[in-house]
Amino acid sequence: MSNRVEIHYCTQCRWLLRAAWMAQELLTTFTQDITELSLCPAEGGVFQVIANSKVVWCRKDAGRFPEITELKQLIRDEIAPEKQLGHADKKKT
């Protein structure tokens, strides 16, 4: 199965480093699950993460950036629901 992830980030806000870091984290965690990951330059304060055409995170809707563990959980739920994430699956107390 093909799993495509897109990270749309605002170039005006200079969010490339954040997007690239999140991309690296996702590719490291989902080495066998993600078949394509794209960094997509945008404008207007956009920061969205899309997995298989479904928006899994939108900064404008959430009012913040995702924590990397919650982003990994959201991506996992969309592309590899059976995958265990180890420490990233633990709930905050």
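We now turn to the structure provided with this report.

Criteria and cut-off values
Residues numbered from 1 in each chain as written. Predicted model: local features only at pLDDT ≥ 70, side-chain atom pairs only at ≥ 80, totals over all residues. Heavy atoms only, no water. Phe/Tyr/Trp six-rings, centres within 6.5 Å; stacked < 30°, edge-to-face > 60°. Helix = DSSP H or I, 4+ residues; strand = E, 2+ residues; numbered from the N terminus. Buried < 20%, exposed > 50% of the residue type's maximum accessible area, 1.4 Å probe, protein only. Contact = heavy atoms within 4.5 Å. Pairing = 2+ DSSP bridges. Axes fitted to C-alpha atoms, helices over the stretch in contact; angles between N-to-C directions.

### A look at the packing of aromatic side chains
Here comes step 1: Counted under the stated rule, the structure contains three aromatic pairs.
Here comes step 2: Seen in terms of ring centroids, tryptophan 15 and phenylalanine 47 are 6.4 Å apart; in terms of plane orientation they differ by 80°. Their pairing is edge-to-face. Of this pair, tryptophan 15 sits in the loop between strand E1 (4–10) and helix H1 (16–29) while phenylalanine 47 sits in strand E3 (residues 47–51); the two residues are 32 residues apart in sequence, bridging distant segments of the chain. The burial state of tryptophan 15 is the same as that of phenylalanine 47; both residues are buried.
Here comes step 3: Judged by centre distance (4.8 Å) and plane angle (90°), the ring pair of tryptophan 15 and phenylalanine 65 falls under edge-to-face.

### A word on the environment of tryptophan 57
Here comes step 1: By the element assignment, tryptophan 57 lies in strand E4 (residues 54–58).
Here comes step 2: Take tryptophan 57: its relative accessible area is 9%, and that puts it in the buried class.
Here comes step 3: Separated by 13 residues in the primary sequence, tryptophan 57 and glutamate 70 place their C-alpha atoms 9.7 Å from one another.
Here comes step 4: Once you skip the residues sitting within four places of it in the chain, tryptophan 57 turns out to touch Phe47, Gln48, Val49, Ala62, Arg64, Phe65, Pro66, Glu70, Leu71 and Leu74.

### Re the sheet that holds strand E2 (residues 36–42)
Here comes step 1: Strand order in the open sheet made by the four strands is E2-E1-E3-E4, with mixed pairing throughout. Strand pairing shows two members of the sheet lacking a second neighbour, E2 and E4, which therefore form its edges. Ignoring strand direction, the axes of neighbouring strands in this sheet form an average angle of 20°.
Here comes step 2: Bridge count for E1 against E2 is seven bridges, and the pairing is parallel. Bridge pairing in E2 links cysteine 10 to alanine 42.
Here comes step 3: Sitting on the sheet, helix H3 (residues 68–79) touches E1, E3 and E4, and the angle it makes with E4 is about 170°.

That's the geometry; what it means functionally is another story.
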